[in-house]
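# Close look at the chain arrangement
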Amino acid sequence: MSLLSKFFKFREKNDGYVPKPFLEHMEDLRWTLLKMFVALVIGMVIAFVFVDDITYFLKRPLPPDIKIIVTGITRGFVASIELAFFGGIVISLPFQIYFLASFILPALTRQERRFLFPGIFASFLLFAAGAFVAYHWILPKTLLFFANYNKKMGIESLWAWDDYVSFCVWLIVGFGLLCQLPIAMIVLAFVGIVDYKLLASTRAYAIVAILILAAIIAPTPDPMTLFTLGAPIVLLYEACIWVVWFMDRRKKKLAASRGFPD
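Because the structure is a prediction, the values reported are computed rather than measured. (Residues numbered from 1 in each chain as written. Predicted model: local features only at pLDDT ≥ 70, side-chain atom pairs only at ≥ 80, totals over all residues. Heavy atoms only, no water.)

## Points about the environment of Ile172
With respect to the secondary-structure elements, Ile172 resides in helix 7 (residues 161–178). In this structure, the C-alpha to C-alpha distance between Ile172 and His136, residues 36 residues apart in sequence, is 9.6 Å. Every residue in contact with Ile172, bar those within four places of it in the chain, is listed here: Leu58, Ala131, Ala134, Tyr135 and Leu139. (Helix = DSSP H or I, 4+ residues; strand = E, 2+ residues; numbered from the N terminus. Contact = heavy atoms within 4.5 Å.)

Structure, rendered in structure tokens:
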């Protein structure tokens with residue numbers, strides 16, 4: 001059974017929920033994606049209005065003695081559009097999560113719905129924590145590493161503004177999005193799609209997948225950036241395995257207390 005089929009079957013099992021045909025599920029999903037897109041566009045407009053402030057914020061981790069230049073007529077404007085896009089993602093993220101959660105909401109029992117908004121809050125908190133760590137620790141150290149390397153090689157650093165913007169926002173937003181992994185794992189464990197044994201047995205494959213995702217998100221293909229992105233997520237994944245173990249153990253104790261078999 002596919003993951004999509006499991007999801008629809010899960011939606012149709014709960015109290016008071018009238019099963020819908022597959023096409024109606026798709027219509028709900030279409031409207032959900034449309035609302036998420038509109039929220040992103042509004043977030044981009046807001047971010048573009050404050051693009052000067054975002055630019056100042058982004059230049060703060062710049063190493064000393066590094067000059068930022070523009071190498072084309074439209075490069076500065078294109079970089080501002082890119083800043084607005086990623087700023088729009090950050091601004092609209094709580095609404096994106098809310099719209100997605102609203103699509104899933106009918107599938108949840110009353111007990112499970114109590115965890116929905118705490119889960120949304122935890123998801124946004126993890127994104128903010130990941131972006132904060134990337135901005136204040138990973139980004140300055142990575143920039144300093146490349147600046148010192150160029151200096152060691154006797155090369156003067158003149159960094160293009162659009163390249164600098166791409167590097168920084170991909171690192172900050174990408175790391176924040178990667179930090180959503182624990183929420184995804186816990187949700188899948190909560191609805192019974194994965195368990196501790198499955199996560200533990202596929203640990204090696206998951207680590208390879210995390211490193212591939214880090215390589216895709218990383219703004220440059222160098223090992224330094226890949227390691228700074230991938231290593232913390234691997235540690236988060238390992239921590240989540242033990243969280244799921246605790247959840248499985250609690251479920252078994254609850255089932256045993258009610259006289260149900262494991």
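## Some thoughts on the packing of aromatic side chains
Within a pair of aromatic rings, the relevant descriptors are the distance that separates the centres and the angle that separates the planes. Under the criterion given, the structure shown has 11 aromatic pairs. Among the aromatic residues, those joined into a cluster by ring pairs are Phe85, Phe86 and Trp170. (Phe/Tyr/Trp six-rings, centres within 6.5 Å; stacked < 30°, edge-to-face > 60°.)

## Looking at the packing of helix 3 (residues 51–59) against helix 7
Helix 7 packs onto helix 3 with a crossing angle of 80° between their chain directions and a minimal axis gap of 11 Å. In terms of orientation, helix 3 lies roughly perpendicular with respect to helix 7. Residue-level contacts link Thr55, Leu58 and Lys59 of helix 3 to Trp161, Tyr164, Val165, Cys168, Val169 and Ile172 of helix 7. Across the contact of helix 3 with helix 7, the residue classes tally to 7 nonpolar, 1 polar and 1 charged. (Axes fitted to C-alpha atoms, helices over the stretch in contact; angles between N-to-C directions. Parallel < 35°, antiparallel > 145°, perpendicular 65-115°, else oblique. Nonpolar A, V, L, I, M, F, W, Y, C, P; charged D, E, K, R; others polar.)

## Thoughts on the side chain of Glu82
Inspection of the secondary structure assignment puts Glu82 in helix 4 (residues 75–104). The side chain of Glu82 sits in the buried core without any salt bridge; Arg75 is the nearest counter-charge, 9.8 Å away. Once residues within four sequence positions are removed from consideration, Glu82 is found in contact with Asp162, Val165, Ser166, Val169 and Trp170. (Buried < 20%, exposed > 50% of the residue type's maximum accessible area, 1.4 Å probe, protein only. Lys, Arg positive; Asp, Glu negative; His and termini not counted. Salt bridge = Lys/Arg side-chain N within 4 Å of Asp/Glu carboxyl O.)

## Examining the nonpolar core
Within the largest apolar cluster, 49 residues are counted, with the highest numbers of intra-cluster contacts made by Leu58, Leu139 and Tyr164. At the level of secondary structure, the elements contributing two or more residues to this core comprise helix 3, helix 4, helix 6 (116–152), helix 7, helix 8 (181–190), helix 10 (203–217) and helix 11 (223–257). At 11 residues, helix 7 tops the list of elements feeding residues into this core. In contact with Tyr164, other than residues within four places in its own chain, are Leu58, Lys59, Pro61, Leu62, Ile68, Leu143 and Trp159. (Core = buried A, V, L, I, M, F, W, Y, C linked by side-chain atoms within 4.5 Å.)

## Digging into the environment of Asp52
For Asp52, the position within the fold is in helix 3. Along the sequence, Asp52 and Leu83 sit 31 residues apart, while their C-alpha atoms lie 10.0 Å from each other.

## A closer look at helix 7
Its 18 residues place the ends of helix 7 25 Å apart at the C-alpha level, agreeing with the 26 Å of an ideal helix rising 1.5 Å per residue. Counting buried positions along helix 7 yields 14 of 18 residues, so the element is predominantly enclosed. (Expected span 1.5 Å × (residues − 1).)

## What about the environment of Leu29?
Secondary-structure assignment places Leu29 in helix 2 (residues 22–49). Separated by 71 residues in the primary sequence, Leu29 and Leu100 place their C-alpha atoms 8.8 Å from one another.

## Overview of a nonpolar patch on the surface
A surface patch of nonpolar side chains, amounting to about 1000 Å² of accessible area, comprises Trp31, Leu34, Phe37, Val38, Val41, Ile42, Val45, Ile46, Val49, Phe50 and Ile91. Among the elements that take part in the nonpolar patch, helix 2 stands out by supplying 9 residues, more than any other. Relative to the elements of secondary structure, Ile91 occurs in helix 4. Residue class for Ile91 comes out partly exposed when judged on its relative accessible area of 35%. (Patch = residues over 30% accessible without salt bridge, like charges linked within 9 Å, V, L, I, M, F, W, Y side chains within 5 Å. Areas by Shrake-Rupley, 256 points an atom, 1.4 Å probe, with all protein chains shown as cover.)

## Let's talk about unusual backbone geometry
Peptide bonds are mostly trans, and most non-glycine residues show a negative phi. Its identity as a non-glycine residue notwithstanding, Asp65 has a phi of 70°, on the positive side. Position of Asp65 among the secondary structure elements: in the loop between helix 3 and strand 1 (67–69). Given a relative accessible area of 72%, Asp65 falls into the exposed group.

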